[in-house]
Amino acid sequence: DIQMTQSPSSLSASVGDRVTITCRTSQSTSSYLNWYQQKPGKAPKLLIYAASSLQSGVPSRFSGSGSGTDFTLTISSLEPEDFVIYYCQQNYSPPWTFGQGTKVEIK
Amino acid sequence: EVQLLESGGGQVQPGGSLRLSCAASGFTFSNYAMSWVRQAPGKGLEWVSVISGSGSSTYYADSVKGRFTISRDNSKNTLYLQMNSLRAEDTAVYYCAKRDGFGTVFGVPKGMDVWGQGTTVSVSS
């Protein structure tokens, strides 16, 4: 099974900051890596698919990069609604797996 | 409007069974792979299972293999998760999700773009 290592588990930042979240897979997943945002009490929302493709309707301040085993999610300028939890997920090979999540908190 | 609506959650004793349903609307259900994802209280997301659009291919997380069965009825636009031999650690909110792209499980670099609101399963005595 492909293991996911997402870091950091939490970070503190301010509105307007640029933040980067990292996801590493235990073996190559090519570009089969997605990023989700989850607000409290809500279902996850797809932000980025195929490592770097922005899902329709998602603000352009979100971007993704990477391939193989190392991936990043970048938020270029944090907005108040961005202080929630983010997950990476691989769907290269079942069992699909999620990272442990990164909680973005207000500094 | 594209929508997924889960039902069937509830409280059950350890060793018991439940069947979750996920009613889909607003898209051609049979064209898409569908998945179940769960989230234990205060924990992260855990992928549970996926089924191809035709229903011919299914895959499971190790934690549920042999106990859970995913299936679909494309004539009813409904996804199911039969959960047997339930354990306390199966307590979670269960979400169904549509995987964008084609109906095959492999070779589709797309994410889960539509999610239900979730249904809660509680396993306790």
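Everything below is about the structure shown above.
Bear in mind the structure is a predicted one, so any value in this text is a computation, not a measurement.

Section: the pairing of strand β9 (residues 92-99) of chain B
Residue and element names in this part refer to chain B.
Here is step 1 of the chain: Most of β9 sits inside the fold, with seven of its eight residues counted as buried.
Here is step 2 of the chain: Two strands pair when backbone bridges link them, and strand β4 (residues 34-39) and β9 are joined in this way by six bridges, in the antiparallel orientation. The residue of β9 that forms the bridge with V37 is Y95.
Here is step 3 of the chain: Of the strand pairs in this sheet, β9 and strand β10 (residues 112-115) are connected by three bridges, and their pairing is antiparallel. Paired with K98 across the two strands is V114, which belongs to β10.

Considering the side chain of Q6 of chain A
All names here are of chain A.
Here is step 1 of the chain: Of note, Q6 is situated in strand β1 (residues 4-7).
Here is step 2 of the chain: Accessibility expressed as a relative area gives 6% for Q6, which makes it buried.
Here is step 3 of the chain: Polar contacts involving the side chain of Q6 include one to the main-chain carbonyl oxygen of Y86, which spans 2.7 Å.
Here is step 4 of the chain: Within the structure, Q6 has its side chain in polar contact with the backbone nitrogen of G101 (distance 3.1 Å).
Here is step 5 of the chain: With residues up to four places along the chain from it excluded, the contact list for Q6 reads I21, T22, C23, W35, Y86, Y87, C88, G99, Q100, G101 and T102.

About the thresholds
- Residues numbered from 1 in each chain as written.
- Chains lettered and ligands numbered in written order.
- Predicted model: local features only at pLDDT ≥ 70, side-chain atom pairs only at ≥ 80, totals over all residues.
- Heavy atoms only, no water.
- Buried < 20%, exposed > 50% of the residue type's maximum accessible area, 1.4 Å probe, protein only.
- Helix = DSSP H or I, 4+ residues; strand = E, 2+ residues; numbered from the N terminus.
- Pairing = 2+ DSSP bridges.
- Polar contact = N/O pair within 3.5 Å; in protein donor to acceptor, adjacent residues only side chain to side chain.
- Contact = heavy atoms within 4.5 Å.

Everything listed here is a matter of geometry and, on its own, says nothing about what the molecule does.
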